[in-house]
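# Inside the fold
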There are 2 protein chains.
Amino acid sequence: MSVQTQDRSYRIGEVAERVGVTTRTIRYYEELGLLGTAAARTKGAHRLYTDADITRLEELIRLRDLLGLSLEELLELAEAEEARAALRDQFAESASDRERARIVKAARPLIERQLELVRARQQRLSEFADELSERLRSLDERQAELDWKREGGSRR
Amino acid sequence: MSVQTQDRSYRIGEVAERVGVTTRTIRYYEELGLLGTAAARTKGAHRLYTDADITRLEELIRLRDLLGLSLEELLELAEAEEARAALRDQFAESASDRERARIVKAARPLIERQLELVRARQQRLSEFADELSERLRSLDERQAELDWKREGGSRR
DNA sequence: TGCTTACTTGACGTTCACGTAAAGATACCA
DNA sequence: TGGTATCTTTACGTGAACGTCAAGTAAGCA
C-alpha cells in the first residue's frame, strides 16, 4: 500500500536546484531555524537532505510566496512542526504505535492552521475579485450608455 | 443615479491615517511615480488628495498585500492606469462624450489585467488548499488505523 | 498676531532576505 | 592519486521598502 520513499540523500546544491532556490537561501533558512539544524552531515561536513526535507522546504517556499509570510512568521508556524517533518520519513521505522499516534496527533493542528491561513487569503482575494468584476460591469454600463447616446442621440 | 462624490480634499496626514500607512509611505510612492506627482498642492506646498486618490492608494496597497507585488511591479501595472484614476473623479465634468468613451475604453484592460492576476493567485491557492485537505484526510486515515489496532489488536 | 500643529524637503539609518567573495576542506572520478 | 567540482564557514555587500531625524515653512486658531 505505502510506497517506500526511496531514501536517497541529497547535497545542498542538488536540493537548491530541485526546489528552485540558491544554496544561500537554504543555509539562511537553517540559520534561522526553519530547517532543523539537525540536517544530517557527511563524515566530513557536507549537509545531507532527505526527501522529507525537500518536501518541507518546498512547503515553506509556498507559504512564503503564496501567503507572503515573512521568515519570522514561518518560524512561528513551523516551530512546533519541526518534529513532524523531521520524523515523517522515519515514520515507518518509528518505534511503537503509541509513538506513531502521538506524531499523527501532533501533525493535525499545524496543517489545520495552514489551511486556515489559506482560506482567509482566499476569502480576501474573492472579495477583491468581486470588486474588480463589479467595476468591469460598471464600465461596460457606461460604455453602453455612451454608445447609445452617440448613435441615437444628439450630435454636437 | 450617480452620487456626486463629495469633493473635499485631504492632506497627507489624514490620508495616511485613513488608509493605514505612514506619510513616509505615501511620499515614497509618489517618488516612485505610483501616485501622480501631480497630486495637487496648496498655494503653499502641502499635498492635497482627492477621494479618488485615496481609492487609488488603497488599491495599490491591496495589490501589494494580497498578491505580493513589488512596488516596481505595481508601477508597471499602474503606469498606464495613471490617467484613469486621475481622471476618474472629474469624469462628470469631462469635456465631450468622445473623451468619456476614450477614458472608459482605456480603463477596461487594466482592470482585466488585475483580475487576471487575482484569478491566477486564486488558482494556486486553491491547489494548495486541496493538498492541505488531502493531508488532513490522510492523517485521519492513519489515525483511525492506529486506533483500530490499539483497540482490537494485540497489546504488547 | 502669535502659537501650536502639520507639512515640506533632504539625507542618513534600518530591517529583511538574501548575494557574493574569500579561503579552505571534502567528494567524486579518471 | 591527482584534479576538479562541490561543499564548508566567515564576513561584508545589496536592493527594496520604508523609518527617523533635522531644519525650515504653512495652516488653523485664540
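Shown above is the structure to which this text applies.
Report follows, based on the coordinates. (Residues numbered from 1 in each chain as written. Chains lettered and ligands numbered in written order. Predicted model: local features only at pLDDT ≥ 70, side-chain atom pairs only at ≥ 80, totals over all residues. Heavy atoms only, no water.)

## With respect to the relation of the copies chain B and chain A
Each of the two chain copies can be brought onto the other by rotation about an axis and movement along it. At an RMSD of 0.1 Å, chain B and chain A line up after a rotation of 180 degrees and a shift of 0.0 Å along the axis. Expressed as an axis order, the relation between the two copies is that of a two-fold axis. (Least-squares fit on C-alpha atoms with pLDDT ≥ 70 in both.)

## A few points about the protein's contact with DNA strand C
Around DNA strand C, the surrounding shell holds 20 residues, and the nearest of these are Thr22, Tyr29 and Thr42 of chain A together with Arg27 and Arg47 of chain B. When the atoms of DNA strand C within 4 Å of the protein are sorted by group, sugar and phosphate make up 79%. Tyr29 of chain A places a side-chain nitrogen or oxygen 2.6 Å from a phosphate oxygen of DNA strand C. One nitrogen or oxygen atom from the side chain of Thr42 of chain A is found 2.6 Å from a phosphate oxygen belonging to DNA strand C. Within the residue set of the surface near DNA strand C, elements represented by two or more residues are helix 2 (23-32) of chain A together with helix 1 (12-19) of chain B. (Near = heavy atom within 4 Å. Polar contact = N/O pair within 3.5 Å; in protein donor to acceptor, adjacent residues only side chain to side chain. Helix = DSSP H or I, 4+ residues; strand = E, 2+ residues; numbered from the N terminus.)

## Examining the interface of chain B and chain A
Facing the 44 residues of chain B at the interface are 44 residues of chain A. Note on chain B versus chain A: buried area summed over both sides is about 4500 Å², and carbon and sulfur give 63% of it. On inspection of chain B and its partner chain A, the count reaches 6 salt bridges. Between the two partners, chain B and chain A, sit 10 residue pairs in polar contact (both at pLDDT 80 or more). Listing elements by their share of the side of chain B that touches chain A, those giving two or more residues are helix 3 (51-67), helix 5 (82-88) and helix 6 (97-152) of chain B. Per-element accounting of the side of chain B that touches chain A gives the leading share, 33 residues, to helix 6 of chain B. Classifying every residue of the side of chain B that touches chain A by side-chain character gives 17 nonpolar, 7 polar and 20 charged. (Contact = heavy atoms within 4.5 Å. Buried area = accessible area lost by both parts, 1.4 Å probe. Salt bridge = Lys/Arg side-chain N within 4 Å of Asp/Glu carboxyl O. Nonpolar A, V, L, I, M, F, W, Y, C, P; charged D, E, K, R; others polar.)

## Describing the packing of aromatic side chains
Residues and elements named next belong to chain A. Tallied over the entire structure, the rule returns 2 aromatic pairs over all chains. Summarising the aromatic geometry, the rings of Tyr28 and Tyr29 are spaced 6.4 Å apart at their centres and angled 50 degrees between planes, so their arrangement reads as tilted. For Tyr28, a relative accessible area of 33% corresponds to the partly exposed category. Overall, the relative accessible area of 3% leaves Tyr29 in the buried class. (Phe/Tyr/Trp six-rings, centres within 6.5 Å; stacked < 30°, edge-to-face > 60°. Buried < 20%, exposed > 50% of the residue type's maximum accessible area, 1.4 Å probe, protein only.)

Worth remembering: the numbers are spatial, not functional.
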